Amino acid sequence: CFVWCIADGWMGQPGSEAYGLPGLLLDPSVRTAAGAVAWTGLITTALNRFVETTSLGKVSSAEASVILATEPLWAALFAALWLSEDFGANDYIGGALIVLACLANTLKPSDFDRFLKEDDDQDNSSSTVDVGQAP
């Protein structure tokens, strides 16, 4: 950002002193914006990353992937509850796909085998002909 400011000719111009770090916090006209930027950078980004990374290091990789994959679902839920956000069909379909992917991730291969064997048993029982009996 600093390189961009210099390349654009923004720094070094008269009045640009307020956009330096001390000036952002001392100039009353930009103090609110500087506070919002500091809050966003330090609390909602840096602290969030630190807590998330520390916490995810204490759970298994399967649990971590489910937690991270459902993050958009939690954001949508809180947006609906706090902001009265409305959702369309694409939102519901996307949420359902995320939930299905999480379920597929948590199932073991033996769980899939059980489902496949039940289907095979049903197919074999309907097509089996008793060869010992004459019609």
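In this text, all values refer to a predicted model and were calculated from it rather than measured experimentally. Position numbers for residues count from 1 along each chain, tracking the sequence in the order it is written. Whole-chain, interface and lining totals are the exception, using all residues; otherwise, since this is a predicted model, local features are given only for residues with pLDDT of at least 70 and side-chain atom pairs are given and counted only at 80 or more. Here the side-chain values reflect all heavy atoms present in the structure, with hydrogen atoms and water set aside.

Draft legend 1. The arrangement of a nonpolar patch on the surface in detail. Patch membership requires more than 30% relative accessible area and the absence of a salt bridge. Residues of like charge join within 9 Å; the nonpolar side chains Val, Leu, Ile, Met, Phe, Trp and Tyr join within 5 Å. Residue burial considers only the protein chains on display, and all accessible areas are found by Shrake-Rupley using a 1.4 Å probe. The term salt bridge refers to a pairing of a side-chain nitrogen on Lys or Arg with a carboxyl oxygen on Asp or Glu at a separation within 4 Å. The grouping of W39, L42, I43, L47, F50 and V51 at the surface amounts to a nonpolar patch, some 630 Å² of accessible area in total. Segments assigned H or I by DSSP are reported as helices when at least four residues long, segments assigned E as strands when at least two residues long, and all are numbered from the N terminus. Within the secondary structure, I43 sits in helix α3 (residues 31-56). When a residue's accessible area, from a 1.4 Å probe over protein chains only, is under 20% of the maximum for its type it is buried; when over 50% it is exposed; and in between it is partly exposed. For I43, a relative accessible area of 35% translates into the label partly exposed.

Draft legend 2. Highlighting the confidence of the model for the protein chain. Of the residues in the protein chain, 67% have a pLDDT of 70 or more, and the chain-wide mean is 75. Per-residue pLDDT, averaged within each element of the protein chain, yields its smallest value for helix α1 (residues 2-7) (54) and its largest for helix α5 (residues 71-83) (90). Every residue carries a pLDDT, the predictor's confidence in it, which falls somewhere between 0 and 100.

Draft legend 3. Representation of the packing of helix α4 (residues 61-69) against helix α6 (residues 89-106). The angle between two axes is taken between their N-to-C directions and runs from 0 to 180 degrees, where each axis is a line fitted to C-alpha atoms and a helix contributes only its stretch in contact. Their axes nearest at 10 Å, the elements α4 and α6 cross at an angle of 180°. With respect to their mutual orientation, α4 and α6 come out roughly antiparallel. In this structure, α4 uses A62, S65, V66 and A69 to contact α6, whose residues at the interface are I98, C102, N105 and T106. Tallied by class, the residues present in the contact of α4 with α6 amount to five nonpolar, three polar and no charged. With respect to orientation, any angle under 35 degrees is reported as roughly parallel, any angle over 145 as roughly antiparallel, any angle of 65 to 115 as roughly perpendicular, and every other angle as oblique. Two residues form a contact once any of their heavy atoms are found within 4.5 Å. Residues are grouped as follows: nonpolar covers Ala, Val, Leu, Ile, Met, Phe, Trp, Tyr, Cys and Pro; charged covers Asp, Glu, Lys and Arg; every other residue, Gly included, is treated as polar.

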